[in-house]
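These are the residues of each chain, in order.
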Amino acid sequence: MANTKTVNIDWLGEQRYVGRSENGQQLLIDNSANKVGVSPMDALLAALGTCTAYDVVGIMEKRKTPLSSYRIEVEGERADTTPARYTRITVRHIAGGEGVTKEQLEKAAHLSHEKYCSVAASLNAEIVLDVRLAEGSEG
């Protein structure tokens, strides 16, 4: 049976929204003129970066070479036409720690992107998008 996740999105006015997970965690998505949150496309890059970060940190710990510093830079190139989807995403892993080698970090990053990271797998998948309309409340 599939594991289903639900996020509810509430409009806050302008082009500003708050997403709430089933457990109540919140994410501010903002594409208004005076941004106070991240854009939807930036959130997608952040989701990919943090997903792979979880994996890489865990893999390196299991290999007894924990990281003492770690940063990911995620860069997305977008199409010039609508929809302006990402056509290329580059993920740079910058890490250090006692005994950490470039080869170990490279192997952990590849394992994440090719096997463990569900965001990366979702970006590479054919996803069934089911759009439905429901009665809204007037207010």
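Analysis parameters
Residues numbered from 1 in each chain as written. Predicted model: local features only at pLDDT ≥ 70, side-chain atom pairs only at ≥ 80, totals over all residues. Heavy atoms only, no water. Pairing = 2+ DSSP bridges. Helix = DSSP H or I, 4+ residues; strand = E, 2+ residues; numbered from the N terminus. Axes fitted to C-alpha atoms, helices over the stretch in contact; angles between N-to-C directions. Domains from an automatic or database assignment. Phe/Tyr/Trp six-rings, centres within 6.5 Å; stacked < 30°, edge-to-face > 60°. Lys NZ or Arg CZ within 6 Å of the ring centre and 35° of its normal. Core = buried A, V, L, I, M, F, W, Y, C linked by side-chain atoms within 4.5 Å. Buried < 20%, exposed > 50% of the residue type's maximum accessible area, 1.4 Å probe, protein only. Parallel < 35°, antiparallel > 145°, perpendicular 65-115°, else oblique. Left-handed = near helix turned anticlockwise from the far one by under 90°. Contact = heavy atoms within 4.5 Å. Nonpolar A, V, L, I, M, F, W, Y, C, P; charged D, E, K, R; others polar.

Side note on the sheet that holds strand S1 (residues 7–13)
Here is step 1 of the chain: Ordered by their spatial adjacency, 3 strands build an open sheet running S1-S2-S3, and the pairing between neighbours is antiparallel. With one partner strand each, in any of the chains shown, S1 and strand S3 (26–30) form the two edges of the open sheet. Shown here is a sheet whose adjacent strand axes are inclined to one another by a mean of 25°, direction ignored.
Here is step 2 of the chain: Across 6 bridges, the pairing between S1 and strand S2 (residues 16–21) is antiparallel. Residue pairing across strands places tryptophan 11 opposite tyrosine 17, the latter belonging to S2.

Details of the domain arrangement of the chain
Here is step 1 of the chain: The domain boundaries assigned to the chain delineate domain 1 (1–37) and domain 2 (40–133).
Here is step 2 of the chain: Each of domain 1 and domain 2 has a C-alpha centre, and the two are 21 Å apart.

Observations regarding the packing of aromatic side chains
Here is step 1 of the chain: Applying the stated criterion across every chain, the model contains 0 aromatic pairs.
Here is step 2 of the chain: Seen from the ring of tyrosine 86, arginine 78 lies directly overhead, with NZ or CZ sitting 5.9 Å from the centre.

A look at the nonpolar core
Here is step 1 of the chain: Within the largest apolar cluster, 8 residues are counted, these being Val56, Ile59, Met60, Leu67, Val100, Leu105, Ala108 and Ala109.
Here is step 2 of the chain: Contributions of two or more residues to this core are made by helix H1 (40–62) and helix H2 (102–116).

A short note on unusual backbone geometry
Here is step 1 of the chain: In this model, threonine 82 is joined to proline 83 through a cis peptide bond whose omega is -5°.
Here is step 2 of the chain: Relative to the elements of secondary structure, proline 83 occurs in the loop between strand S4 (69–78) and strand S5 (86–96).
Here is step 3 of the chain: Its identity as a non-glycine residue notwithstanding, glutamate 14 has a phi of 50°, on the positive side.
Here is step 4 of the chain: Mapped onto the fold, glutamate 14 is located in the loop between S1 and S2.
Here is step 5 of the chain: What makes glutamate 14 exposed here is its relative accessible area of 52%.
Here is step 6 of the chain: The phi torsion at lysine 64 lies on the positive side, around 65°, for a residue other than glycine.

Looking at the packing of H1 against H2
Here is step 1 of the chain: Relative to each other, H1 and H2 sit at 130°, their axes nearing to 9 Å. Taken as axis vectors, H1 and H2 run oblique relative to one another. Remark: the crossing between H1 and H2 carries right-handed chirality. Note on element contacts: H2 touches H1 through Gln104, Leu105, Ala108, Ala109, Leu111, Ser112, His113 and Tyr116, opposite Cys51, Thr52, Asp55, Val56, Ile59 and Met60.
Here is step 2 of the chain: Residues belonging to the contact of H1 with H2 are distributed by class as follows: 9 nonpolar, 4 polar and 1 charged.

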